[in-house]
Amino acid sequence: MTFADLRAYGQALYKDSLADREAFDKVIAEMKGVYEPAYILKKQAELEKTRLEALRERADSLKAKADELIAEKRAGLEKMLSTPPTNEQTNLLNAISLRGAEVEEAEYRSIADQLAPNYQALKALQAIAQKNGKRLPLPARYDYQVLTENLDWTEKYLADRIRGLRYFTTSRKADFYDRLFFGEGWNDNVYSGHAIELFDL
């Protein structure tokens with residue numbers, strides 16, 4: 001599962017929650033003027049209990065999928081740290097190191113593309129560049145620190161969205177970011193920039 005898949009799954013759950021709320025409101029509206037207020041209140045409490053149970057189940061389901069995806073991405077980050085450069089990459093790094101200051105920044109960037117996604121090889125190349133007075137910023141999708149910070153942010157963002165789903169009342173009362181994340185046809189640039197664009201490639 002990708003972060004885009006997770007959002008689509010959350011949107012489907014949210015859509016079901018909207019449908020439940022509309023059905024709930026319709027039943028209560030149809031009962032008014034037909035039944036005694038005491039019976040309507042009793043029925044409303046029963047329907048609300050059922051609706052809240054469904055919300056909890058949906059939120060728990062989304063949380064389980066989110067937790068699994070976050071754990072998978074964390075494991076990938078740890079593997080990224082522990083994967084040494086291949087022999088071919090080590091030979092290339094040694095050759096670049098021997099050339100010293102004559103290597104230009106554009107050449108470093110080109111070599112970085114060839115070494116990606118091996119984090120240790122990229123960091124070694126970055127160290128060689130710095131040693132020779134050149135600048136080589138790592139692309140965010142290959143930078144362990146940036147990826148870790150974005151994964152932490154995504155985990156908190158998803159926890160907030162799951163909480164919003166768990167306590168959903170009406171779409172008008174939904175948090176702005178809940179509407180952004182769950183809304184169909186909306187582009188959640190905040191979530192995309194921290195999760196989809198970095199981890200789903």
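My aim in this report is to walk through the structure given alongside it, one point at a time.

Quick notes on the rules
- Residues numbered from 1 in each chain as written.
- Predicted model: local features only at pLDDT ≥ 70, side-chain atom pairs only at ≥ 80, totals over all residues.
- Heavy atoms only, no water.
- Helix = DSSP H or I, 4+ residues; strand = E, 2+ residues; numbered from the N terminus.
- Contact = heavy atoms within 4.5 Å.
- Expected span 1.5 Å × (residues − 1).
- Buried < 20%, exposed > 50% of the residue type's maximum accessible area, 1.4 Å probe, protein only.
- Arc of directions from axis to C-beta.
- Phe/Tyr/Trp six-rings, centres within 6.5 Å; stacked < 30°, edge-to-face > 60°.
- Lys NZ or Arg CZ within 6 Å of the ring centre and 35° of its normal.

Some points on the side chain of Arg-21
Structurally, Arg-21 is set in helix H1 (residues 3-31). Contact partners of Arg-21, with chain neighbours within four places excluded, come to Glu-48, Arg-51, Phe-168, Thr-169 and Thr-170.

Overview of helix H3 (residues 87-99)
In this model, H3 (13 residues) spans 19 Å end to end at C-alpha, consistent with the 18 Å of a helix rising 1.5 Å per residue. Regarding H3, the residues found buried are Gln-89, Leu-93 and Ile-96. All buried residues of H3 fall inside an arc of 65° around its axis, so they share one side. Opposite the buried face of H3, by more than 90 degrees, sit the exposed residues Asn-87, Glu-88, Asn-91 and Leu-98. Lining the buried residues of H3 we find helix H4 (105-115) and helix H5 (119-131). Gly-100 lies just past H3 and shows a positive phi near 65°.

Things to note about the environment of Phe-176
On the secondary structure map, Phe-176 appears in helix H7 (residues 176-182). On the basis of relative accessibility, which here comes to 44%, the residue Phe-176 falls in the partly exposed class. Between the C-alpha atoms of Phe-176 and Trp-153, which are 23 residues apart in sequence, the distance is 17 Å.

Let's talk about the packing of aromatic side chains
Applying the stated criterion across every chain yields a total of 13 aromatic pairs. Seen in terms of ring centroids, Tyr-14 and Phe-168 are 5.2 Å apart; in terms of plane orientation they differ by 70°. Their pairing is edge-to-face. Taken together, the positions of Tyr-14 in helix H1 and Phe-168 in the loop between helix H6 (144-166) and H7 put the pair 154 residues apart, joining distant regions of the chain. Like Tyr-14, the residue Phe-168 is buried in the burial classification. On the basis of an interplanar angle of 75° and a centroid distance of 6.2 Å, the ring pair of Tyr-157 and Tyr-177 is categorised as edge-to-face. Here the residue Tyr-157 occupies a position in helix H6, and Tyr-177 occupies one in helix H7, the gap between them amounting to 20 residues. By relative accessible area, Tyr-177 is classed as partly exposed at 36%. Taken together, the ring pairs connect Phe-3, Tyr-14, Trp-153, Tyr-157, Phe-168, Phe-176, Tyr-177, Phe-181, Phe-182, Tyr-191 and Phe-199 into an aromatic cluster. One residue, Lys-65, lies across the ring of Tyr-9, its end atom 5.1 Å from the ring centre.

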